[in-house]
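The chain contents come next:
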Amino acid sequence: MQAKATESRREPTLPMDTNARRNFIKYHAKLGEKPSTTVRFFDHSDCYTVHGSDDCELVSKIVYKSTAFIGALLPDEKETLQFVSLSKANFELAVRELLLVKNLRVEVYIKRNEWQLEYRGSPGNLLQFEDILFANKEVLVGNNMISLQVKLEGGTQRRVGVASVEQNDCQFQLLEFLDDDFFTELEATVVLLGPKECLLPSVEGEYVPVKALLERNGVMITVPKNSSANDLLQDLNRLLRFAKGQQEDATGLKELQMQLASESLKVAIKYLDLVNDAGNLGHYEIKQLDLKRFVHLDSAAVGALNIMPKPGTHPSMPSYRWQSILGVLDQCRTPQGHRLMGKWVKQPLRSQEILNDRHNIVECLLESSDTLETLSLDYLKRIPDILMLTKKLMRRKATLQDLFRIYQVILRTPKIVQVLLGLENSTVESVICSPFKGFLEDLTGLKQMVEQVVDFEAIERGEYLVKSSFDSRLMELQQTMNELYEKMQRLQSKCNDELDLDGKQQVKLENVAKLGYHFRITLKDDSVLRKNKNYRIVDVIKGGVRFTSDKLEGYAEEFASCHSRYEEQQQSIVEEIIQVAVGYAAPLTSLNNELAQLDCLVSFAIAARSAPTPYVRPKMLSEGAGQLLLNDVRHPCLELQEHVSFIANSVDFKKDKCNMFIITGPNMGGKSTYIRSVGTAVLMAHVGAFVPCSMATISMVDSILGRVGASDNIIKGLSTFMVEMIETSGIIRTATDKSLVIIDELGRGTSTYEGCGIAWSIAEHLAKETKCFTLFATHFHEITKLAETLQTVKNCHMAAVADADNFTLLYQVRPGVMEKSFGIQVARLANFPEDVVQNAEQVYNEFEDEHADKQNKEDKALLEKIQVAIQQLSTAGNNTEINVEDLTQLVTQFTQDIKQLDSDYFKSVLASSEAKA
Ligand SMILES: Nc1ncnc2c1ncn2[C@@H]1O[C@H](COP(=O)(O)OP(=O)(O)OP(=O)(O)O)[C@@H](O)[C@H]1O
């Protein structure tokens with residue numbers, strides 16, 4: 001087995017002699033430098049190659065998991081070139097990985113007379129690679145890109161125009177807005193649309209921060225070459241789907257009043273060469289993107305809440321489920337369902353009405369588990385990717401089989417509607433059943449056409465044919481073929497008699513592609529045949545001897561010619577049918593979207609039911625209602641991991657009573673998990689899913705914002721401190737009293753002094769000014785003091801118990817501040833070497849002594865100050881200049897000093913004097 005595995009990994013040999021290699025090296029040198037984000041492949045028809053050290057290393061590692069397969073074209077000569085050769089299958093594997101996972105560009109060169117660039121693709125432009133990437137595979141990823149332009153306005157403000165192109169759904173979305181220095185709004189747009197690639201006019205000047213933002217969000221940047229300009233209106237007139245009766249002219253479209261966005265769209269249409277794909281013409285829709293419809297998410301929140309799985313994780317992989325919210329919720333059965341779910345989780349909604357509908361439907365499905373099962377396993381599982389089939393139709397690449405698959409969906413959908421109507425739920429009827437009925441009505445003509453044209457009997461034999469009765473020419477040809485076949489059958493029985501073999505029908509009449517009709521007998525009867533001069537042997541194979549006669553050959557040729565004429569005639573009919581079917585693209589797309597939506601809702605119900613503890617329906621209150629109560633909230637991903645027995649916790653925010661929790665506790669104590677669980681549940685509720693709680697009341701939020709551990713966000717050129725400042729300033733600007741903010745480890749990447757300062761000021765601002773609901777996990781115990789001055793701030797901590805030998809993390813949230821730091825115990829728990837732990841313990845104790853010393857010194861200094869003051873007062877005697885007011889002021893000043901000093905001694909003095917008073 002082992003040997004075989006190695007064998008299949010071996011690279012193909014390169015079919016080039018020395019001369020060809022020499023020429024190729026010269027040609028390659030002439031091609032010149034390329035960006036490091038582009039990988040060039042060369043198609044040698046028998047195999048593919050990549051060249052140069054970077055491409056070789058990258059591709060070799062992807063395909064062969066090693067660099068041992070890198071060779072040199074002419075290793076003994078001065079001018080040489082590294083190469084890796086690949087079979088077609090490995091080339092496809094590499095292209096898939098480079099475009100879909102690594103977010104790189106690919107170019108494929110092919111040799112005609114000269115080498116020339118044949119295909120080119122990038123993460124946002126997969127068109128030319130669709131066959132390679134998605135042949136026999138479901139298209140599970142969205143395929144969208146954005147194009148944007150920035151203009152300085154009035155010296156300080158930035159106007160941003162964005163055009164998004166979703167190629168799968170044939171959709172343009174435009175928006176334009178004024179943004180701040182940190183491009184907060186642009187970031188929300190990028191998070192919402194999740195593009196793979198972005199077109200920019202430049203990466204210099206005002207685009208520098210845009211570039212950084214895009215890189216932070218994992219978006220590939222392309223600066224298209226300035227080639228001849230295209231005419232946007234002309235392009236749109238060809239691409240857009242105009243409503244019936246609407247004038248087919250894009251001139252007056254209100255979306256085009258956004259000039260920067262329109263300019264960006266023009267660039268994108270040109271870059272993607274959309275007008276040159278027949279599949280696009282007349283099918284695009286243009287919309288204005290309204291960010292206000294969606295909960296604002298920043299990239300830190302998307303990261304902290306693990307919304308999306310790692311790139312390249314396929315739904316069939318076991319890790320897919322517990323890595324991300326998408327993985328947990330995506331139990332879809334159809335490719336279109338998977339794609340829509342990918343969108344939904346990134347686009348939580350602010351419409352209470354739509355969310356109520358979604359929650360109603362999920363609840364109703366959960367109440368009828370039989371229906372849920374039937375829908376998921378019997379119906380949705382069998383629904384093909386209608387969108388991709390429709391695209392094939394539009395490109396005139398569809399076959400009769402594709403048409404039949406569409407027909408099957410049209411046939412099955414009424415059954416789905418029937419099952420749904422059985423639920424007797426008004427939301428299900430209005431949101432799902434009614435639209436379904438409308439689209440099905442529109443598709444009646446298509447259904448009837450397929451029934452008239454397609455030969456259903458032939459499909460049972462696995463053939464996709466046009467019914468001969470549909471066309472008189474076909475009928476004639478079919479008739480002739482039937483007669484010829486009968487004649488050949490008569491020859492077969494004659495031959496059987498002549499050869500006089502044992503048993504009946506030893507002579508088989510067969511038809512194979514290259515030979516046409518012929519006879520066959522087994523190898524053991526070969527000698528009988530050779531004696532008979534009426535027959536000629538055609539070839540000998542394992543299964544027997546193939547032979548023919550003059551007459552059979554004549555019939556066979558005639559049959560073959562009829563057959564090819566039949567196919568030609570059939571093909572022209574199929575083309576006509578496809579032409580008609582293209583007219584149904586709009587209702588087919590709507591049917592596709594509707595089925596995708598149903599699949600997502602069924603998926604929510606399945607996710608809710610199959611969780612270790614079933615999820616519950618959240619009670620949604622309107623924005624501003626000011627309540628967030630989650631009882632026993634769990635982290636949906638963590639609770640799925642086998643070794644974890646999850647401890648649920650609760651949270652209870654109430655406007656004007658409690659809008660901030662400061663969470664402290666030992667390292668690894670569960671702080672991050674707790675705050676992320678809350679964020680995750682709120683997000684899931686806003687997507688329309690049920691939530692991992694025992695009870696949930698959630699006021700709708702306008703944004704979920706985050707700031708989490710610095711380590712994963714460090715990017716080139718920006719210090720940790722800067723990243724922290726950028727992200728937190730975004731929060732300060734965006735958050736309102738209707739937002740949820742989760743902050744974890746703020747200030748940790750900087751010096752303690754600065755870090756604590758940032759953390760304190762942000763926490764204070766959010767609690768005092770913004771008044772949003774905030775979960776603030778921190779190691780800075782000083783921040784817990786905020787609760788002393790602000791009533792709406794509450795402290796809580798992750799509980800742990802420790803004695804001399806044992807230390808146990810309880811993962812339970814308890815009110816108040818943790819008394820003791822357990823860093824050293826955690827180190828012991830994490831199996832740090834004992835000597836290191838002991839050393840730390842010693843340092844800690846010394847530090848504590850030093851701290852106590854410092855405290856004593858400060859106490860003493862204040863005491864001295866007070867003593868001097870008292871001295872002054874007493875020596876003043878009857879001095880009338882000291883009045884009662886001055887005295888009161890002095891005492892107030894001392895009291896404040898004492899409070900700030902954080903001295904246990906003075907605090908106790910103060911407390912006792914206050915008690916006495
Ligand atoms: N509620 C819980 N129930 C069970 N296990 C939990 C729970 N919360 C956390 N854990 C476990 O503890 C680990 C550490 O949790 P987490 O990262 O939330 O701690 P932390 O307090 O934020 O740590 P640090 O302060 O070091 O960043 C998790 O990976 C998980 O395995």
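Residues numbered from 1 in each chain as written. Predicted model: local features only at pLDDT ≥ 70, side-chain atom pairs only at ≥ 80, totals over all residues. Heavy atoms only, no water.

In the nomenclature of an unreviewed UniProt entry, the protein corresponds to DNA mismatch repair protein spellchecker 1 from the organism Drosophila madeirensis. What UniProt states about the protein under its Sequence similarities (unreviewed entry) heading is, verbatim, "Belongs to the DNA mismatch repair MutS family." (UniProt positions renumbered as here; feature names shortened; annotations may be inferred.)

(A) Representation of the UniProt feature "coiled-coil region" (unreviewed entry) in the protein. Here, UniProt's "coiled-coil region" (unreviewed entry) annotation points to residues 474-501 and 837-904. Between the end C-alpha atoms of residues 474-501 there is a gap of 39 Å, over a span that is 93% helix and 0% strand. (Helix = DSSP H or I, 4+ residues; strand = E, 2+ residues; numbered from the N terminus.)

(B) Looking closely at the sheet that holds strand β19 (residues 627-633). The strand order across the open sheet built from four strands is β18-β22-β19-β20, with neighbouring strands paired in mixed fashion. Each end of this open sheet is capped by a strand with a single partner; those strands are β18 (619-621) and β20 (649-654). Here the average twist between neighbouring strands, direction ignored, is 15°. Contacts from helix α25 (residues 671-687) reach β18, β19, β20 and β22 (695-699) within the one sheet, and its direction differs from that of β19 by about 115°. (Pairing = 2+ DSSP bridges. Axes fitted to C-alpha atoms, helices over the stretch in contact; angles between N-to-C directions. Contact = heavy atoms within 4.5 Å.)

(C) Highlighting a nonpolar patch on the surface. Where nonpolar side chains cluster on the molecular surface, the patch consists of Leu-523, Ile-537 and Val-540 and spans about 230 Å² of accessible area. Along the polypeptide, Leu-523 turns up in the loop between β15 (516-521) and α22 (526-531). A residue is classified by how much of its surface remains accessible, and Leu-523, at 43% relative accessible area, is partly exposed. (Patch = residues over 30% accessible without salt bridge, like charges linked within 9 Å, V, L, I, M, F, W, Y side chains within 5 Å. Areas by Shrake-Rupley, 256 points an atom, 1.4 Å probe, with all protein chains shown as cover. Salt bridge = Lys/Arg side-chain N within 4 Å of Asp/Glu carboxyl O. Buried < 20%, exposed > 50% of the residue type's maximum accessible area, 1.4 Å probe, protein only.)

(D) Structural context of the site of the ligand. Taken together, 15 residues surround the ligand, and among them Ile-647, Met-668, Lys-671, Ser-672 and Thr-673 come closest. One nitrogen or oxygen atom from the main chain of Gly-670 is found 3.0 Å from an oxygen atom belonging to the ligand. The separation between an oxygen atom of the ligand and a polar side-chain atom of His-779 is 3.3 Å. Within the complex, the protein chains bury 80% of what would otherwise be the 630 Å² of accessible surface of the ligand. Broken down by element, the residue count for the shell around the ligand peaks at three residues, all from α25. Taken together, the residues of the shell around the ligand sort by class into six nonpolar, seven polar and two charged. (Near = heavy atom within 4 Å. Polar contact = N/O pair within 3.5 Å; in protein donor to acceptor, adjacent residues only side chain to side chain. Nonpolar A, V, L, I, M, F, W, Y, C, P; charged D, E, K, R; others polar.)

(E) Representation of the sheet that holds strand β1 (residues 38-43) within the structure. Strand order in this open sheet of six strands is β3-β4-β2-β1-β5-β6, and the pairing throughout is mixed. A single partner strand is all that each edge strand has here, and the edge strands are β3 (71-72) and β6 (115-121). Inspection of the sheet shows strand β2 (residues 48-51) paired to strand β4 (residues 82-86) by four bridges, in the antiparallel sense. Looking at the pairing, Thr-49 lines up with Ser-85 of β4. Packed onto the sheet, helix α3 (residues 53-64) meets β1, β2 and β4 and runs at close to 30° relative to β4.

(F) Up close: the nonpolar core. Membership of the largest hydrophobic core comes to 162 residues, with the highest contact counts inside it found for Leu-148, Leu-420, Leu-630 and Leu-775. Per element, the largest residue contribution to this core is 13 residues, and it comes from helix α24 (residues 585-610). Excluding residues that lie within four positions of it along the chain, Leu-420 makes contacts with Leu-375, Val-428, Ile-432, Cys-433, Phe-436 and Leu-598. Judged by nonpolar contacts, the second largest core, of 25 residues, contains Leu-174, Leu-199, Leu-239 and Ile-286. (Core = buried A, V, L, I, M, F, W, Y, C linked by side-chain atoms within 4.5 Å.)

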